Amino acid sequence: MKDINKRFAFIKNIVGWEGQINATHIMEKFQLTRQAARTVLQQYRDHFPDHLNYDASNRAFLATKAFDDGFINSLSTHSFEQYLAIIAADINVQIDAHSTFIHEVEAPLRNINPLQVRPILRAIREKLAIDIGYISLTSPDYLDRIIQPHSLIFDGLRWHVRAYCNKNQSYRDFTLSRFNGVAHFEGKATNFEEQDELWNQIVDIVIEADPRFSDQEKRIIEQDFQIQDGQKTIPTRAALVNYALRRLRIDNYKNTPEEQQIVLTQACRKHITQYLP
């Protein structure tokens, strides 16, 4: 049952984003014979009889309107990122820098040492306190910190550790690449995720098209950002508001609406000020 669910999810992602599928997709993904791959497709069609229609000219099964309607309503579980991961990593097809049609703008690599990450991951899993060296802009020399980490955070560019800091006696974010030195475990943690108020508080980030645009231009931006009725609400942990604004590129106001594209609503801007550094 687990295998068939995984195969059905794969079929939905491929059909959803490419509009069609054939036995070759399944053969390459799951290393099956052609006959076995055809059997998987037939099982899918038996289970979802209104999802696929065979097109002889394309030698593929095409998405039906019923499939498209259901898929569009389930994008939260079948995201474009999942599809990209499937075709870029999971399918056993020769993909290299010259042949793939998917390209990613590279950012500078962060110096994350696996030997430094391992004890932090263990501390998170086992709810331990850890004594480890950390460097910051205010303290350019490595200083020992006792922290009680509970989560990892990716802000789109860097990895962070959310942890209770014994020195500051508060929950803080630590850049993962700035840890160094030998780590020592200091027993069981006494401060946990449940006590991190900013982590557990959900704040609504509300965006809208830059009001400097014309009405027609606003409609284009609203389509890009899935804004309905003039606004879009993005629930965000209070501790992560600053990262969210940076990722949306609305942490600084731009000179032109073409640069800015979206802004916070006035009420939202006023409300979230308390959560910014």
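Just above sits the structure.
Note that this is a predicted model, so its numbers are computed, not measured.

J.: Any details on the sheet that holds strand E10 (residues 232-237)? Residues and values, ideally.
T.: With respect to topology, 3 strands assemble into an open sheet ordered E10-E9-E11, the strand pairing being antiparallel. Each having just a single partner strand, E10 and strand E11 (262-264) make up the two edges of the open sheet. Shown here is a sheet whose adjacent strand axes are inclined to one another by a mean of 35°, direction ignored. Most of the contacts of helix H9 (residues 241-248) go to strand E9 (residues 202-209), to which it runs at about 20°, and overall it touches E9, E10 and E11.

J.: Mind laying out helix H6 (residues 114-126), listing which residues take part and the relevant values?
T.: Taking 1.5 Å as the rise per residue, H6 with 13 residues should run 18 Å; its terminal C-alpha atoms sit 18 Å apart, in good agreement. Among all positions in H6, only Gln116, Val117, Pro119, Ile120, Ala123 and Ile124 are buried. When H6 is viewed along its axis, its buried side chains cluster within an angular range of 165° and face the same direction. Across from the buried face of H6, at angles greater than 90 degrees, the exposed residues are Pro114, Leu115, Arg118 and Arg125. On its buried face, H6 is in contact with strand E4 (128-134), strand E5 (143-154), strand E6 (159-165) and strand E8 (179-188). Two residues or fewer past H6, lysine 127 is found with a positive phi of approximately 55°.

J.: Can you lay out the pattern of salt bridges for me, pointing to particular residues and giving the numbers?
T.: When the charged atoms of two side chains lie near each other, side chains of opposite charge can form a pair. All told, the structure shown has 5 salt bridges when counted by the stated rule. We note a salt bridge from arginine 162 to aspartate 173, for which the minimum N-O separation is 2.9 Å. In this pair, arginine 162 sits in strand E6 while aspartate 173 sits in strand E7 (residues 170-175), placing the two residues 11 residues apart along the sequence. Classification of aspartate 173 by relative accessible area gives partly exposed; the value is 25%. As a salt-bridge pair, aspartate 210 and arginine 212 come within 2.8 Å of each other at their nearest N and O atoms. Given a relative accessible area of 35%, arginine 212 falls into the partly exposed group. Residues participating in the shared-partner salt-bridge network are Arg162, Asp173 and Asp196.

J.: With reference to specific residues and values, describe the layout of surface pockets.
T.: Within this model, the second largest pocket holds a volume of roughly 660 Å³. Lining the second largest pocket are 23 residues, and of these Arg172, Asp173, Phe174, Tyr243 and Pro277 lie nearest its centre. Broken down by secondary-structure element, the contributors of at least two residues to the lining of the second largest pocket are E6, E7 and H9. Class assignment for the residues of the lining of the second largest pocket results in 10 nonpolar, 6 polar and 7 charged.

Calculation rules
Residues numbered from 1 in each chain as written. Predicted model: local features only at pLDDT ≥ 70, side-chain atom pairs only at ≥ 80, totals over all residues. Heavy atoms only, no water. Pairing = 2+ DSSP bridges. Helix = DSSP H or I, 4+ residues; strand = E, 2+ residues; numbered from the N terminus. Axes fitted to C-alpha atoms, helices over the stretch in contact; angles between N-to-C directions. Contact = heavy atoms within 4.5 Å. Expected span 1.5 Å × (residues − 1). Buried < 20%, exposed > 50% of the residue type's maximum accessible area, 1.4 Å probe, protein only. Arc of directions from axis to C-beta. Salt bridge = Lys/Arg side-chain N within 4 Å of Asp/Glu carboxyl O. 1 Å grid on protein atoms, 1.4 Å probe; cavity = no way out; pocket = protein on both sides within 12 Å on 5 of 7 lines; lining within 4 Å. Points joined across faces, edges and corners; volume = space filled by probe spheres on them. Nonpolar A, V, L, I, M, F, W, Y, C, P; charged D, E, K, R; others polar.

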